[in-house]
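# Structure assessment
One letter stands for each residue in the lines below.
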Amino acid sequence: MKTVLVTGGAGFIGSNFINHILSERDDWFIVNLDKLTYAGNLENLKGIEENKNYAFVKGDIINGELIDFLFTKYSFNYVINFAAESHVDRSILGSEVFFQSNVIGTNVLLEAARRFEVERFLQISTDEVYGSLGAEGLFTETTPIAPNSPYSSSKAAADLMALSFHHTYGLPVLVTRCSNNYGSYQFPEKLIPLMIINALNDKKLPIYGDGLNVRDWIYVIDHNRAVEKVLENGRIGEVYNIGAEQEMTNIQIVKLILKHLGKSEDLIEFVKDRLGHDRRYAIDAAKIKTELNWKPEFVFEEAIERTIDWYLQNKEWWERIISGEYAKYYAEQYLTR
Ligand code: NAD
Ligand code: DAU
């Protein structure tokens, strides 16, 4: 039995991860530590509160006292740090909380992991640490780090800090850098859920700039299977890119959503571009495929339909979000552009 600290487990990827692990195996005891920011939602974990292999703690990863208390109480074997402020647009509006949570918070966890001698520490990083690509080429694990937004620079700092703790102290660190995820429970500020929900509400779909920015999409379950593999079988001190070779322009994604929902392309509205908008991300995932025998299992066309259907079937989940305290930000940022 392994005791695993999962931070940020009430967010999009973390909650999918916990739901996935607890439905498939019973040899992990998971402690989910989450601050429950606007993006954290315990509804994502409905039904597992009663699982004997699960405990939830509301708290901030920058709270060193709490972290020490939890490490003492649970003697974690593994740590997976999903917790972060994750939205680029918000980091452009105000960066401080990004550096607090993503940088200082990661440092607090690394220090505790070192003192309590955890067996493995997985830092969930992102492909955005590599910056932006031109029309050609892919990010490999040796591509120089060149982040462009406050969000990606905070993630790059955390990523490099984790690797430095391996180099300096021998902390058993692993780092994953994944591309854009989609799937159930994604907060409706991100491209895919935002566009689905706006289309369902016959609101305009705001596409930044010319809509030709490219993202490399992966279904959240495929990402989480890769996380599980890297944590258990990855080589200590290594970085693993994760991606599903599914490059799409934003306009392609939006048109596909409109088609699936039977809505008119007249809903599309080109709006002012995001500041410093990265043009293209694309992942070379050869390393994780060859070393760890991982490959994506979901075909994009099916998984995106499954995702759209999830939002159709879980209207209450997102209606509560877009009408709650998020409503003001949502209206200002997206509906009045
Ligand atoms: P999310 O915003 O949906 O969830 C983040 C979670 O972290 C929330 O539950 C939030 O309450 C929690 N959190 C934030 N600050 C915290 C703090 N200080 N202490 C404790 N909990 C805190 O984000 P997501 O999309 O699920 O992303 C999860 C991780 O994966 C992030 O580290 C992100 O950088 C990384 N990532 C995301 C993507 C993507 O496409 N979404 C791709 C690659 C990597
Ligand atoms: O690449 C991994 C990253 O992917 C993660 O590290 C981040 O946490 C995650 O938020 C995501 O970042 P992006 O900025 O790529 O995702 P977002 O969904 O915000 O935007 C995707 C693309 O869509 C981007 O080119 C901006 C564009 N966009 C986004 C929104 C919200 C629009 O055109 N209109 C919109 O309203």
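For the structure, check the block above.
First, a word on what this report is: a plain description of the structure on this page.

## Some remarks on the packing of aromatic side chains
Going through the model one piece at a time under the given rule, you end up with 21 aromatic pairs. Relative to Phe76, the ring of Tyr74 has its centre 5.7 Å away and its plane inclined at 25°; by these criteria the two rings are stacked. By relative accessible area, Tyr74 is classed as buried at 18%. According to the relative accessible area criterion, Phe76 is buried, its value standing at 5%. Their ring planes at 25° and their centres at 4.8 Å tell us that Tyr130 and Phe139 sit as a pair that is stacked. A single burial state applies to Tyr130 and to Phe139, both of which are buried. These aromatic residues form a ring-pair network of at least three members: Phe29, Phe71, Tyr74, Phe76 and Phe116. Here the basic side chain of Arg114 rests over the ring of Tyr169, its NZ or CZ set 3.8 Å away from the ring centre.

## A look at the site of ligand 2
Around ligand 2, a shell composed of 25 residues is seen, among which Asp127, Glu128, Tyr151, Arg274 and His277 lie nearest. Tyr151 is positioned with one of its side-chain polar atoms (N or O) 2.6 Å from an oxygen atom of ligand 2. Backbone polar atom of Leu191 to an oxygen atom of ligand 2: 2.8 Å apart, as the coordinates give it. Here ligand 2 has 700 Å² of accessible area as a free molecule, and 95% of this is covered by the chains. For the shell around ligand 2, the elements supplying multiple residues, two or more each, are helix H6 (191-200) and strand E8 (205-208). Classifying every residue of the shell around ligand 2 by side-chain character gives eleven nonpolar, eight polar and six charged.

## Concerning unusual backbone geometry
Here Tyr185, not a glycine, exhibits a phi torsion of approximately 65°, which is positive. Summarising the element assignment, Tyr185 is placed in the loop between strand E7 (180-182) and H6.

## A look at the pairing of strand E4 (residues 78-81)
Side chains of E4 alternate between two faces, with Tyr78 and Ile80 and Val79 and Asn81 buried alike. Where strand E1 (residues 2-7) and E4 come together, four bridges link them in parallel fashion. Within E4, the position partnered with Val4 by the bridge is Tyr78. Pairing between E4 and strand E5 (residues 120-126): four bridges, direction parallel. Within E5, the residue paired with Val79 across the bridge is Phe121.

## As for H6
Within H6, eight of the ten residues are buried, which leaves the element mostly enclosed by the surrounding structure. The set of residues buried in H6 consists of Ile192, Pro193, Leu194, Met195, Ile196, Ile197, Asn198 and Ala199. Downstream of H6 by one or two residues, Asp202 has phi in the positive range, about 55°.

## With respect to the sheet that holds strand E9 (residues 214-219)
Strand pairing in a sheet is mediated by backbone hydrogen bonds. Such pairs are either parallel or antiparallel. With mixed pairing, three strands are arranged side by side in an open sheet as E7-E9-E11. Unpaired on one side and paired on the other, E7 and strand E11 (247-249) mark the two borders of the sheet. On average, each strand axis in the sheet is inclined to that of its neighbour by 50°, with strand direction left out of account. Strand direction decides the pairing type here: E7 and E9, joined by three bridges, are parallel. The residue bridging Asn181 from the neighbouring strand is Ile218, located in E9. Each of E7 and E9 touches helix H7 (residues 220-233); the most contacted strand, E9, lies at about 75° to it.

## What to know about the site of ligand 1
Inspection of the region around ligand 1 gives 28 residues, with Ile13, Asp34, Ser86, Tyr151 and Lys155 positioned closest. Between a nitrogen atom of ligand 1 and a side-chain N or O atom of Asp60, the distance comes to 2.9 Å. Separating an oxygen atom of ligand 1 from a side-chain N or O atom of Ser86 is a distance of 2.6 Å. In the complex, the protein chains occlude 97% of the 840 Å² of accessible area that ligand 1 would expose alone. Among the elements that take part in the shell around ligand 1, E5 stands out by supplying three residues, more than any other. Residues that form the shell around ligand 1 fall into these classes: twelve nonpolar, twelve polar and four charged.

Calculation criteria
- Residues numbered from 1 in each chain as written.
- Chains lettered and ligands numbered in written order.
- Predicted model: local features only at pLDDT ≥ 70, side-chain atom pairs only at ≥ 80, totals over all residues.
- Heavy atoms only, no water.
- Phe/Tyr/Trp six-rings, centres within 6.5 Å; stacked < 30°, edge-to-face > 60°.
- Buried < 20%, exposed > 50% of the residue type's maximum accessible area, 1.4 Å probe, protein only.
- Lys NZ or Arg CZ within 6 Å of the ring centre and 35° of its normal.
- Near = heavy atom within 4 Å.
- Polar contact = N/O pair within 3.5 Å; in protein donor to acceptor, adjacent residues only side chain to side chain.
- Areas by Shrake-Rupley, 256 points an atom, 1.4 Å probe, with all protein chains shown as cover.
- Helix = DSSP H or I, 4+ residues; strand = E, 2+ residues; numbered from the N terminus.
- Nonpolar A, V, L, I, M, F, W, Y, C, P; charged D, E, K, R; others polar.
- Pairing = 2+ DSSP bridges.
- Axes fitted to C-alpha atoms, helices over the stretch in contact; angles between N-to-C directions.
- Contact = heavy atoms within 4.5 Å.

Scope: geometric values only; no functional claims are made or implied.
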